[in-house]
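Structural overview
The lines below spell out each chain.
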Amino acid sequence: MAAEELPSQFDVVILGTGLTESVIAAACSRVGQSVLHLDRRNYYAGNWASFTFNGLLSLIEEYKNQQEVQITESEQVWRSLIDEGEDAVPLSALDSSVSNLEVFCYASEEEEKEEETKAPLTSFQSVNAETVSEETNSDSTEAQDTVTGDDTTASDAQTPNEEHEVSEPKEEQHTSDISEPSQSQEEKESQLISSPADPPVEVEKKITYQKLVKEGRRFNIDLVSKLMYSRGALVDLLIKSNVSRYAEFKNIGRILTYRNGKVEQVPCSRADVFASKQLSVVEKRMLMKFLTFCLDFEQHPEEYQDYTEKPFREFLKNKKLTENLQDFILHSIALVTQLTLTEEGLKATQHFLRCLGRYGNTPFLFTLYGLGEIPQCFCRMCAVFGGIYCLRHSVECLVVDKASNKVKAVIDTRGQRISCSHFVVEDSYIRDEQRQSTAYRQISRAVLITDRSVLPSESDQQQISLVTIPPLESSAPAVRMVELCSSSMTCMPGTYLVHLTCSSSGTAQEDLAPVVSQLFHVSTIPGEEPSEGAEERSKPAVLWVMYFNMRDTSALDSSSYSLPSNFHVCTGPDSSLCSDYSIKLAESVFHHILPDEEFCPPAPNPEDIIYDGDGPQAEGPGFDESTNSEADKSQAEEEGASHEKSPSTESSEPAEMDSVTQQALSKTTPPSEE
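Notes on the structure in this doc start here. (Residues numbered from 1 in each chain as written. Predicted model: local features only at pLDDT ≥ 70, side-chain atom pairs only at ≥ 80, totals over all residues. Heavy atoms only, no water.)

An ideal rise of 1.5 Å per residue puts 16 Å on 12 residues; helix H1 (residues 19-30) measures up with 16 Å between its terminal C-alpha atoms. With 11 of its 12 residues buried, H1 lies for the most part within the structure. Where H1 is concerned, the buried positions are Leu19, Thr20, Glu21, Ser22, Val23, Ile24, Ala25, Ala26, Ala27, Cys28 and Ser29. Positive backbone phi, approximately 100 degrees, marks glycine 32, located one or two places after H1. (Helix = DSSP H or I, 4+ residues; strand = E, 2+ residues; numbered from the N terminus. Expected span 1.5 Å × (residues − 1). Buried < 20%, exposed > 50% of the residue type's maximum accessible area, 1.4 Å probe, protein only.)

Another point: empty space enclosed by the protein. One pass over the structure, following the stated rule, counts 2 cavities of 30 Å³ or more. Quantified by volume, the largest cavity comes out at close to 120 Å³. Lining the largest cavity are 15 residues, with Asn47, Glu426, Ser428, Gly572 and Pro573 sitting closest to its centre. Here the lining of the largest cavity is composed, by residue class, of 4 nonpolar, 7 polar and 4 charged. Taken as a whole, the second largest cavity spans an internal volume of roughly 40 Å³. Forming the walls of the second largest cavity are Leu223, Val224, Ile443, Arg445, Arg480, Thr501, Met550, Asp574 and Ser575. Looking at the lining of the second largest cavity residue by residue, the class counts come to 4 nonpolar, 2 polar and 3 charged. (1 Å grid on protein atoms, 1.4 Å probe; cavity = no way out; pocket = protein on both sides within 12 Å on 5 of 7 lines; lining within 4 Å. Points joined across faces, edges and corners; volume = space filled by probe spheres on them. Nonpolar A, V, L, I, M, F, W, Y, C, P; charged D, E, K, R; others polar.)

Below, the discussion takes up the layout of surface pockets. The calculated volume of the second largest pocket comes to roughly 1200 Å³. Of all the elements in the fold, those that place two or more residues in the lining of the second largest pocket are helix H14 (342-355), strand E16 (441-450), strand E17 (465-469), strand E18 (479-484), strand E19 (496-503) and helix H17 (580-593). Looking at the lining of the second largest pocket residue by residue, the class counts come to 16 nonpolar, 12 polar and 6 charged.

This brings us to the packing of helix H11 (residues 281-295) against H14. Interaxial distance between H11 and H14 falls to 8 Å at its minimum, and their mutual angle equals 95 degrees. Judged by the inter-axis angle, H11 sits roughly perpendicular to H14. Within the contact between the two elements, H11 uses Phe290, Leu291, Phe293, Cys294 and Leu295 and H14 uses Leu346, Thr349, Gln350, Leu353 and Arg354. (Axes fitted to C-alpha atoms, helices over the stretch in contact; angles between N-to-C directions. Parallel < 35°, antiparallel > 145°, perpendicular 65-115°, else oblique. Contact = heavy atoms within 4.5 Å.)

Before going further, it helps to spend a moment on the sheet that holds strand E9 (residues 254-259). An order of E5-E20-E16-E19-E18-E17-E9-E10 is seen for the 8 strands of this open sheet, with the pairing classed as mixed. Since the sheet does not close on itself, it has two edges, and those belong to strand E5 (98-105) and strand E10 (262-265), each with one partner. Averaged over all pairs of adjacent strands, the angle between strand axes in this sheet comes to 20 degrees, irrespective of strand direction. Across 4 bridges, the pairing between E9 and E10 is antiparallel. Residue pairing across strands places leucine 256 opposite glutamine 265, the latter belonging to E10. Strand contacts of helix H13 (residues 323-333): E9, E10 and E17, with the helix running at about 125 degrees to E9, the strand carrying the most contacts. (Pairing = 2+ DSSP bridges.)

One way to put it is that H1 packs onto H17 with a least axis distance of 9 Å and a crossing angle of 40 degrees. As the angle between them shows, H1 and H17 are arranged oblique. Viewed along their axes, H1 and H17 form a crossing whose handedness is right-handed. In contact with Leu19, Thr20, Val23, Ile24, Ala27 and Cys28 of H1, H17 contributes Ser582, Ile583, Leu585, Ala586, Val589 and Phe590. (Left-handed = near helix turned anticlockwise from the far one by under 90°.)

Attention now goes to the sheet that holds strand E8 (residues 249-251). Strand pairing in a sheet relies on backbone hydrogen bonds, with the paired strands running either antiparallel or parallel. Ordered in space as E7-E11-E8, the 3 strands form an open sheet in which the pairing is antiparallel. Every interior strand has two partners, whereas the edge strands, strand E7 (228-229) and E8, have only one. Relative to strand E11 (residues 364-367), E8 runs antiparallel, the two being bridged by 3 bridges. Among the inter-strand pairings, asparagine 251 is bridged to a residue of E11, identified as leucine 365.

The structure is reproduced here in structure tokens:
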């Protein structure tokens, strides 16, 4: 919407389209508030956004240019709009939430060769036939991991319709093959007949930088890496609000850890524990006994009350757990640090266990096409209920009433004054002089594109993996790694997208480069391959990597800012694995604005909406009996009681099934930008 078309009065003006701000916008719009949602960027989701590879390269260029450009103040424009008895609070025009950005390319920068395969025709065809078969098998396997609307285990969460939707991108390619002349089908049959007689020829296509750029639209790279607990605050909100129908989700296939120089799978469910080859029989019994205790540890306070003020690690030692089990529980199940207190560690372990089995063998879900889809889903809900959106549009300053110390209006970058009752803003728009403290925590991030998985599956099945890496040194932080395959719709086939995250102790490169060199092969010359027989050859090769630090302001609260009372600040992403902090903050801000309203009530299904002046059309006897004439009533009685006794579709549903849960996490096409 153009700036000159904007109304001059809103209940709530929100600046920034990150997850917290988008949830607040959707919640306010849902209960009837008029919402204006702005963002100075040209994309949704702010620091929660996902980018194509080409889009990320453009963002990196913008970041470099931003460091060189001095933004001048244009106070003359808005000073004339400030009346007597009012004060102006200017906002920052420069985003400084990302710092220390470094990019390195290790893929070959030579031009992509078209003659990648000069093998004989029959050999080439046999490879293609195998590839198509493998792709088809992997598609059907991937479909089984994708979450359905039912609150059931993974074994119950597979439907034919779901398989159809998961493999939709592949089916588009197959459709073009089917539309070719029938001669191509005969050729395919001859390929299958001739392939056994010919020796198999493996044609490895070298992935170059030009190939990454050419296939850049296949990537969806998140600025912040997070997963969702299947019983976490975000999943509960998606189900409750019906926003889940706008997105697609996939179960995390496995949890791994890095120990003693190798990557191992972490046993977290009962089946995994007894099938584990890393644990002895005694360790399996000890682990099962401890996990059973954690499920209802509140019932046995005598077991841990002496350790409530002591680290969780000491409690694990007291339980006589081996060093192996202590690492599994601390870093891969509870996902806590060495300094976490015992009660907090027990709660984290309990939450992990309660999330198991809801949608699969692990507690976690991932959003297909990247985390940036979630803020867009809530923006879509806000727009459906009347919210107005403007990208590339910001607020120059706030107009504050001196008598009440409340924001009464904002002045946007086009010079328009817009009145509002409440103002919600992302932290990065606030100037340092408006903060009580500028001592921020930082998050270290690394994004890698690699050529294969850190732990290839025996069945060549593509899986999303969560990898926990204990501190390599006593002073170093623990690192969390999420490895995404192409079935997550975040990278091109033949590559993996790897996200590394930890709390900062230095720059991102200083914190994470040692971990990258431990788990991956980093060539000294772009495109160089490790020598034969070298240990590096067994590691995945890094094709491209980006390091950066992101500001973590989650420790700040309203008392940390010198701002008006109806001015609400939303902090950016924190360093935790899930988004529960941001959802709880959104709910807190919403109740501060509208204390008597329900937070994100369920949105009606489109087919259930009745617009003003419209009424349902009669579709048979008994549909609208209140307007029937006496003759119609007698005719209905003569037709018998069969119509009265036949149950409706809704009443035929099992009573114990929650209708909201049935629709939760249902699969639809990915949301486009508003």
